[in-house]
Amino acid sequence: MEIASGPSSRRHSGRLPHIHKVERPPKQNLLRDIQDSLKETFFSDEPLRPYKDQPGPRKFLLFLQHFFPILEWGRTYNLSKFKGDLIAGLTIASLCVPQDIAYAKLANLEPQYGLYSSFVPPLIYAFMGSSRDIAIGPVAVVSLLLGTLLQNEIPDSQANKLAYRRLAFTATFFAGITQFALGFFRLGFLIDFLSHAAIVGFMAGAAVTIALQQLKGLLGIKNFTKKTDIVSVMRSVWSAAHHGWNWQTMVIGLSFLAFLLFTKYIGKKNKKFFWVAAIAPLSSVVIATFFVGITHAEKQGVSIVRHIDRGINPSSFHEIHWTGEFLLKGLRIGVVAGMVALTEAVAIGRTFAAMKDYQLDGNKEMVALGSMNIVGSMTSCYVATGSFSRSAVNFMAGCKTAVSNIVMSCVVLLTLVLITPLFKYTPNAVLASIIIAAVVGLVDIGAVILLWKIDKFDFVACMGAFFGVIFKSVEIGLLIAVAISFAKILLQVTRPRTALLGKLPGTNVYRNVEQYSNATTVPGILIIRVDSAIYFSNSNYIKERILRWLGNEEEEAKKLNQSGIQFIVIEMSPVTDIDTSGIHSFEELHKTLQNRELQLVLANPAPIVIEKLYESKFVNLIGEDNIFLSVADAVTTLTPKTQEPA
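Owing to the predicted nature of the structure, the values given are computational and were not obtained by experimental measurement.

Core analysis: the largest hydrophobic core is formed by 97 residues, its most contacted members being Leu 146, Phe 202 and Ile 210. Excluding residues within four positions of it along the chain, Ile 210 makes contact with Leu 106, Ala 140, Val 141, Leu 144, Ile 435 and Val 439.

Okay, structure coming up:
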């Protein structure tokens, strides 16, 4: 075996030829370091790589394909793919039309605005999006969130329809700007700070809140609270029990809710019958509208839609607030709604991309989603994003490309131009049952149980977000979700794990003694592994934790009448970086150990770590001979010294 040169190897070359010195890496240029850091942060996917060594026209084409992926996959599009997209598009259209009308009511907007939002945005996304499976349109959670935030600013949306609508379009514009900016400036990693556990809890809480809100339509209650917390909603429901419930409405709502849930069960039980659940909402609307129309049940107190404006999206550019106090209010609401919509869409896109084994460009998705919402805000749409229920149907229906969104948009266009008057007698109870059936899938009990089994802190984060939504409000639940996510990050950074290592019998492998019961500690040598980079935020804790390990081991050695600790070996394999505060803490630790006549030893420091230790002169402080390539090398070298007489 090759023997490295240097002080350490010379000292052991005759007796321990297998001991290698930890070499200092080549000194890095500061500018190059900064460039590498920026590249890994913002350009880890190497977006400019395809342009390398390409002629000018080819570079221009690649540039266009980057922003309009349809130019790339459209070249290989054929009739076979269109058949799959046509079937998928028609299927999701049958699902989206009744959902759009219902979701618009969640946002406290008139029904046609839900349909508008499933016409223009999907067309824009089809040209700019990189996902083959996402179905675009309004979704329940974002509709509720937007409606709640807008109502906080304009409480009476019915009396101030124009002002409310203008603020909705302004918020949608800024939601799009937020999404576009995150993608264009490659800041998509920011949405990853919202943990999966917090999202599960937030979505479940929002689903419960949305379902509770539908009790108004399901039970035929006229005077209903505008608050979203469970206490206010249930108080409103029970206070209307004796005089406010309409039995005809209840029969309609509960009957169709049972029907919709049954079809969802069939679709889940047998994937071949997914279409049954997909067409069930539209079937429910058609049947309920027909019977209410011929019986005139509205005269018996059954609430109906009454009117949906006919025609395609009117321009709303002039309705967006470009100045004034509502500009800032729209900005604040738009940023929140845009981030939630973005998180949901990216999560859905990644899920289906993994199923079909293709890559999804997150930043490109954000640009596409932002562009469609910017254009949508100017064409009477409110915030649209990827819908999980529609995307799942789109996937199971055999979609091949984003053309399925174009097909869906065409059907919505026909609906707006020709069919909207037919929805006049649609009972609101059916729309309520459609919403409830749609949000049931957002409550993922299996995921919550898994969180409890795997990580109790994740479970607490999930429950915090859940209870925040249902007992206070959607925005408070979202705030709790974000706060807990950041708290977890801070906790992991400031309180990293450390482990006491022991040797596995018959090997030179050293592992955590708590994980491996047969791992034995080495007499006179304390081996500790630090499982984190060492920064100003955790350096003092790590130093104190090492000294605590030392105190515990010395007490244990006294009880067993064993020799005391002479060397502290820090296994630094997981330590990816160290800053000046970390080095300063190591200097203090070294000084403390020297006062106790103990020696600090390091094993396997990373290149960036050893470079900083050299630059700070810390290597000179502890000596090059006390830095080893591995724990095994350190123990082999130090064990004879522990047996020398004091």
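Turning our attention to the pairing of strand 7 (residues 599-603). The element strand 7 is extensively covered by neighbouring structure, given that 5 of its 5 residues are classed as buried. Along strand 7, one buried face is formed by Gln 599, Val 601 and Ala 603 and the opposite face, lined by Leu 600 and Leu 602, is buried too. Judged from the 5 bridges that link them, strand 6 (residues 567-571) and strand 7 form a sheet pairing that is parallel. What sits directly across from Ile 570, in strand 7, is Leu 602. In this fold, strand 6 hands off to helix 24 (residues 580-595), which returns the chain to strand 7; that crossover is right-handed.

The terminal C-alpha atoms of helix 9 (residues 161-184), which comprises 24 residues, lie 34 Å apart, in line with the 34 Å expected from a rise of 1.5 Å per residue. Arg 186 lies just past helix 9 and shows a positive phi near 55°.

To continue, consider the domain arrangement of the chain. Once the domains are mapped, the chain shows domain 1 (15-28 + 495-643) and domain 2 (79-490). Each of domain 1 and domain 2 has a C-alpha centre, and these two points are 54 Å apart.

With that settled, consider the sheet that holds strand 4 (residues 510-512). With mixed pairing, 6 strands are arranged side by side in an open sheet as 4-3-5-6-7-8. Where the open sheet ends on each side, the last strands, each with one partner, are strand 4 and strand 8 (627-628). Lying over the sheet, helix 24 contacts strand 6 and strand 7, oriented at roughly 140° with respect to strand 7.

Turning to the packing of helix 10 (residues 196-213) against helix 19 (residues 428-439), a few remarks are in order. Between two packed helices, the angle of one axis relative to the other and the distance separating the axes together describe the packing. Interaxial distance between helix 10 and helix 19 falls to 9 Å at its minimum, and their mutual angle equals 165°. The angle between the axes of helix 10 and helix 19 places the two elements in the roughly antiparallel class. Relative to helix 19, helix 10 is oriented so that their crossing is left-handed. Residues Ala 207, Ile 210 and Ala 211 of helix 10 touch helix 19, and the partners they reach there are Ile 435, Ile 436 and Val 439. Grouping the constituent residues of the contact of helix 10 with helix 19 by class yields 6 nonpolar, no polar and no charged.

Rules and cut-offs
- Residues numbered from 1 in each chain as written.
- Predicted model: local features only at pLDDT ≥ 70, side-chain atom pairs only at ≥ 80, totals over all residues.
- Heavy atoms only, no water.
- Core = buried A, V, L, I, M, F, W, Y, C linked by side-chain atoms within 4.5 Å.
- Buried < 20%, exposed > 50% of the residue type's maximum accessible area, 1.4 Å probe, protein only.
- Contact = heavy atoms within 4.5 Å.
- Helix = DSSP H or I, 4+ residues; strand = E, 2+ residues; numbered from the N terminus.
- Pairing = 2+ DSSP bridges.
- Right-handed = clockwise from strand over helix to strand, strands pointing away.
- Expected span 1.5 Å × (residues − 1).
- Domains from an automatic or database assignment.
- Axes fitted to C-alpha atoms, helices over the stretch in contact; angles between N-to-C directions.
- Parallel < 35°, antiparallel > 145°, perpendicular 65-115°, else oblique.
- Left-handed = near helix turned anticlockwise from the far one by under 90°.
- Nonpolar A, V, L, I, M, F, W, Y, C, P; charged D, E, K, R; others polar.

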